Amino acid sequence: MSEMSEQQIELTETGFPRDFLWGAATAAYQIEGAAREGGRGETIWDRFSHTPGKIERDENGDVACDHYHRWQEDFDLLQRLSLNAYRFSIAWSRILPDGRGKPNPAGLDFYERLVDGLLARGITPFVTLYHWDLPQALEERGGWRNRDTAYFFSDYAQIIARRLSNRVGHWITHNEPHIVVFEGHVLGTMAPGLRDERLIAPVGHHLLLSHGLAVQALRSEAPQSAVGITLHLLHIEPASDREQDTQAAQFADGLYHRWYLDALFRGTYPEDVTARLALPDGLVRPGDMETISAPLDFLGVNYYTRGIIRADRPSRLLPKLVPPRGSGLTAMGWEVYPEGLYQVLLRLRDAYSPTKLYITENGAAYPDTLDERGEVHDAERVSYLRRHFQEARRALAAGVPLAGYFTWSLLDNFEWAHGYRPRFGLVRVEYATQQRIIKESGHFAGRVAATNGGALEE
Ligand code: FCB
């Protein structure tokens, strides 16, 4: 398989295929604001962020980047940066305020305008259906703990596809299901803020089932379009070559990665994980794994950092990550480890042979400052991006079928539990005035896009 993909990709002299997509990514709750406009229903992130103590400085996404009103200006920025693709997510509760039932025309109109605005600027839309903002009404019926939510999700997918599939050619069902499982339901650090290890299997399975059902809905409404899912992948390494650490790293990889990858690409859950999770009776029903493993048109990869795992007390289920130390950490405390991107891509190629891959997120937060001329010279972000783009090029040379690269993020935005402190944007947002300022990294990413990677060596 890997040999086949090596032959399939034709690289230009810059090391990237001719039709490579250079994009930026965002997510609805992180940028839109207008939380109570256009008939939008409440989501688990509205509820969570309005609960005192959950978010740094008790911030919330009520206004965020006000993208709901400023999307034209934001799309002009994409164009100025020569980006030819844009990944954004749809807020389920704008379409179905209670998560199910009758669609809200204002919500459908809004996303149709977004898509048309992109197409008019020659930008290819990648639409994510679920970037973590479950309608609160569904949470009250059990959220992702309830199998019914998977069916409501596929109904929602169908409604969107019916309206947009004549202009949207790329669909992403879910963003990072394992973060939803662990941060949302085990650690309680993200919405809905539950803390229960027994939810790992049910929530993980229902998310994957909802993906599989949505793939069916999308394929029936939009047979021509490409459908995929986005996973968050760390480059996992054991803290030492001691047997206990190697085993702990292996298990972490199972819990965070292989649970999803094996289900999607092989139709099974990894045995080393199911042995420890004890799946509830009746959770996986006949036909579920076939639904989940329907062939994908592409896999989306979100890569940020490496995870070093050390063995902990054997009774503990959750892997112990060694906190990264030293210089070179981002404002999230994440280690900058570009080689990990190459390793992750090669591992996917060798173990799962995906037909096509997109990097659907990669980027870094740094404490940017405005200089006296009102400019942002974010040399660390430029270096982060350059080094990761180079690793992507190296993976392409090794035959990885990589077709595009979306930087996280177009704009500084609401970074979940961290509020507005971490700034990930290619474009700075002055939250008091909503002014946008293209950072040096934005200009750099723009030159790389305009030259299809040629500017990487500048
Ligand atoms: C990813 C999320 C994205 C953003 C980045 C920094 O895990 O998908 O929304 O928060 O991290």
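Residues numbered from 1 in each chain as written. Predicted model: local features only at pLDDT ≥ 70, side-chain atom pairs only at ≥ 80, totals over all residues. Heavy atoms only, no water.

### Quick word on the site of the ligand
Here is the rule: A single heavy atom is enough: if one lies within 4 Å of a molecule or strand, its residue is considered near that molecule or strand. In protein, a polar contact means a hydrogen-donor-capable atom and an acceptor-capable atom, both N or O and within 3.5 Å, with residues adjacent in sequence counting only if both atoms are side-chain atoms; elsewhere, any N or O pair within 3.5 Å suffices. The method behind every accessible area is Shrake-Rupley, applied with a 1.4 Å probe, and residues are considered shielded solely by the protein chains displayed.
Residues in contact with the ligand, as listed here, are Gln30, His131, Trp132, Asn175, Glu176, Asn302, Tyr304, Glu361, Trp408, Glu415, Trp416 and Phe424. Within the side chain of glutamate 176, one N or O atom sits 2.5 Å away from an oxygen atom of the ligand. Tryptophan 416 is positioned with one of its side-chain polar atoms (N or O) 2.9 Å from an oxygen atom of the ligand. Considering the ligand on its own, with 290 Å² of exposed area, one finds that the protein chains cover 96% of that surface.

### Some thoughts on the packing of helix 9 (residues 177–185) against helix 11 (residues 243–266)
Filter applied, for reference: Note on definitions: angles span 0 to 180 degrees between N-to-C directions of axes, and those axes are lines fitted to C-alpha atoms, for helices only across the stretch in contact. Runs of H or I in DSSP of at least four residues are treated as helices and runs of E of at least two as strands, each being numbered from the N terminus. Our angle categories are set so that under 35 degrees counts as roughly parallel, over 145 as roughly antiparallel, 65 to 115 as roughly perpendicular, and the remainder as oblique. In this scheme the handedness of a crossing depends on how the near helix is turned from the far one: anticlockwise by less than a right angle means left-handed, clockwise means right-handed. Here a residue-residue contact requires only that any non-hydrogen atoms of the pair lie within 4.5 Å. By the convention adopted, Pro, Cys, Tyr, Trp, Phe, Met, Ile, Leu, Val and Ala count as nonpolar, Lys, Arg, Asp and Glu as charged, and the other residues, Gly among them, as polar.
Running from N to C, helix 9 and helix 11 point in directions that differ by 140°, and their axes come no closer than 10 Å. With respect to each other, helix 9 and helix 11 are oriented oblique. The chirality of how helix 9 crosses helix 11 is right-handed. Between helix 9, through Pro177, His178, Val181 and Phe182, and helix 11, the contact on the second element is made entirely by Leu255, Tyr256 and Tyr260. Residues belonging to the contact of helix 9 with helix 11 are distributed by class as follows: 6 nonpolar, 1 polar and no charged.

### Details of a positive patch on the surface
Keep this limit in mind: Each patch is built from residues lacking any salt bridge and having more than 30% relative accessible area; the joining distance is 9 Å for like charges and 5 Å for nonpolar side chains (Val, Leu, Ile, Met, Phe, Trp, Tyr). Salt bridges, as used here, are contacts in which a Lys or Arg side-chain nitrogen is within 4 Å of a carboxyl oxygen on Asp or Glu. The convention is simple: Lys and Arg are positive, Asp and Glu are negative, and His and the chain ends are not counted. One atom stands in for each charge, and that atom is NZ of Lys, CZ of Arg, CG of Asp or CD of Glu.
On the surface, Arg310, Arg313, Lys320 and Arg325 cluster together into a positively charged patch. Following the sequence through the fold, arginine 313 ends up in the loop between strand 8 (306–310) and strand 9 (320–321).

In short, geometric facts, not functional conclusions.
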